[in-house]
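Survey of secondary and tertiary structure
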Amino acid sequence: MIPQGPLSQKIFTVAKQYIPGGVNSPVRAFRNVGGEPFFVRRAAGSRIEDIDGKHYIDYIGSWGPNILGHAPVVITNTIHEVAKSGVSFGIPNMFEVEMARTICEWVPSVEKVRMCSSGTEATMSAIRLARGFTKRDYIVKFNGCYHGHSDSLLVAAGSGALTHGEPDSAGVPKSFAEKTIVLSYNDPEALETLFAARGEQIAAIIVESYPANAGLVFPKPGYLELLSSITKKHGALLIFDEVMTGFRLGKAGVQGLENLTPDLSCFGKVIGGGLPVGAFGGRAEVMDLLAPIGPVYQAGTLSGNPLAMAAGLAQLRELERRSGFARLESLGAHFENGLRQLLEAKGVPHRFNRVGSMFCLFFADRDIVNVDDVMKQDLEFFRKFFWGCLDKGIYLAPSPYETGFISLAHTEPDLDDTLTVFEEVLGEI
Ligand SMILES: *Cc1c(COP(=O)(O)O)cnc(C)c1O
């Protein structure tokens, strides 16, 4: 661990006095790497500056939303312009219609979509809708998949829930959690056994399209197809949580890459351009059960907020204009090639999982197919690596369970400079 700069230390002391743990979301506290966070002063492009004046190349991008990098002019200008006409109305505005149309055009499985203000709300509402549609109570999720922090879904979850060693939160009634059946990911037999026994009780399977909140893990060939066919066979719905992957890996997210048609999909992060956002959508027949035309209640004071919609639309347009997904893949491949060469030359046992601009480096000498494998990596080595990199101006997620993000603002020289730092740090561990 390295101590943060004096101003960060001072403010964190005050923060802890007034905010539980000093942070508004657990992983920001740096507890999993045994230290304290820095406070940001400003960020632009691929760079962050902390309040003590130290600069970092950032691989978190606000945990996914900032796919263009920090404070891109297209988004800051849009926010300035739109804000002049009002920042929230609680009355329909044209940006939410344009956002809905764009999502439905880009993601073929989505015929109708409802906006909300966070990924948590999106998955929570999709679960309620699936239960309302099927008139069944049970849902299936996978160990290590994180779907936000609503009661039904905070069971065997990833992300901050995992890093704090409390996969189940206090305050979630046992009777709620009992309606959530947790299976091991990438285990077809477990799925088949469960559905054979209890298929008619299950409202939905919810899955992170590519699990990316407990490391980054890929489905085995045929696994996602099995999720799709088994739900169809038993009259359950398949919910793809694409809050992280949606609009990051391509216009239609993982479902586009894998050519699959989930019943419902959840989005967030990138579609808000860095402002609070969530969305869930899918088959019109299911979506039309929502209030005000159906019996499933769902609402939000700030849902479809004009600033968030306009910022998100500006981000999507810019991605399209710059052929962003192809460029991100090429940046990702550049990083991967360099990193693999480096780690092999150094003889460091590792696995590196990457898709497009999302990556996760594991200090492990076994393949990573589920959260159990993720937990067995060399955590002490990760901690040393993390602090070494931070010291030299590379900001990786302060936890071995998070996915790294490359943005369109990163350049090949940024990535090469990062690899140079990696090499130095590995030499010092
Ligand atoms: C971030 C995330 C969420 C939760 O979104 P919030 O906006 O933080 O509530 C849900 N699912 C996945 C896959 C995520 O990565």
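These figures come from a predicted structure and were not determined experimentally.

**Some words on the domain arrangement of the chain**
Segmenting the chain into domains produces domain 1 (6–71 + 323–398 + 412–428) and domain 2 (73–320). Here the C-alpha centroids of domain 1 and domain 2 sit 25 Å apart. Taken residue by residue, the interface counts 30 residues in domain 1 and 35 residues in domain 2. Interface of domain 1 and domain 2: buried area, both sides summed, is about 2700 Å²; carbon and sulfur atoms make up 69% of it. Considering only the side of domain 1, the residues that lose the most area to domain 2 are Leu68, Phe325 and Met358, jointly responsible for 25% of the buried surface there. At the junction of domain 1 and domain 2, the tally comes to zero salt bridges. On inspection of domain 1 and its partner domain 2, the count reaches nine residue pairs in polar contact (both at pLDDT 80 or more). Counting residues per element, the ones that place at least two in the side of domain 1 that touches domain 2 are α12 (324–346), β11 (351–355), β12 (358–362) and α13 (371–375).

**So, the state of the cysteines**
Applying the stated criterion across every chain, the model contains zero disulfides. Cys116 forms no disulfide, and the closest cysteine sulfur to it belongs to Cys266, at a distance of 8.2 Å. Using a relative accessible area of 1% as the deciding quantity, one classes Cys116 as buried. Of the cysteine sulfurs around Cys145, a residue in no disulfide, the closest is that of Cys266, at 12 Å.

**Observations concerning the nonpolar core**
By size, the foremost hydrophobic cluster in this structure holds 37 residues, and its most contacted members are Val140, Phe142, Leu191, Phe195, Ile205, Leu227 and Met358. When residues of this core are traced back to their parent elements, those giving at least two are β5 (138–142), β6 (180–183), α7 (188–198), β7 (202–208), α8 (223–234), β8 (237–241) and β12. It is α8 that contributes the most residues to this core, five residues altogether. Here this core spans two domains, since at least three of its residues come from each of domain 1 (6–71 + 323–398 + 412–428) and domain 2 (73–320). Core analysis: the second largest hydrophobic core is formed by 36 residues, Val348, Phe381, Cys389 and Ala397 among them.

Definitions and limits used
Residues numbered from 1 in each chain as written. Predicted model: local features only at pLDDT ≥ 70, side-chain atom pairs only at ≥ 80, totals over all residues. Heavy atoms only, no water. Domains from an automatic or database assignment. Contact = heavy atoms within 4.5 Å. Buried area = accessible area lost by both parts, 1.4 Å probe. Salt bridge = Lys/Arg side-chain N within 4 Å of Asp/Glu carboxyl O. Polar contact = N/O pair within 3.5 Å; in protein donor to acceptor, adjacent residues only side chain to side chain. Helix = DSSP H or I, 4+ residues; strand = E, 2+ residues; numbered from the N terminus. Disulfide = S-S within 2.5 Å. Buried < 20%, exposed > 50% of the residue type's maximum accessible area, 1.4 Å probe, protein only. Core = buried A, V, L, I, M, F, W, Y, C linked by side-chain atoms within 4.5 Å.

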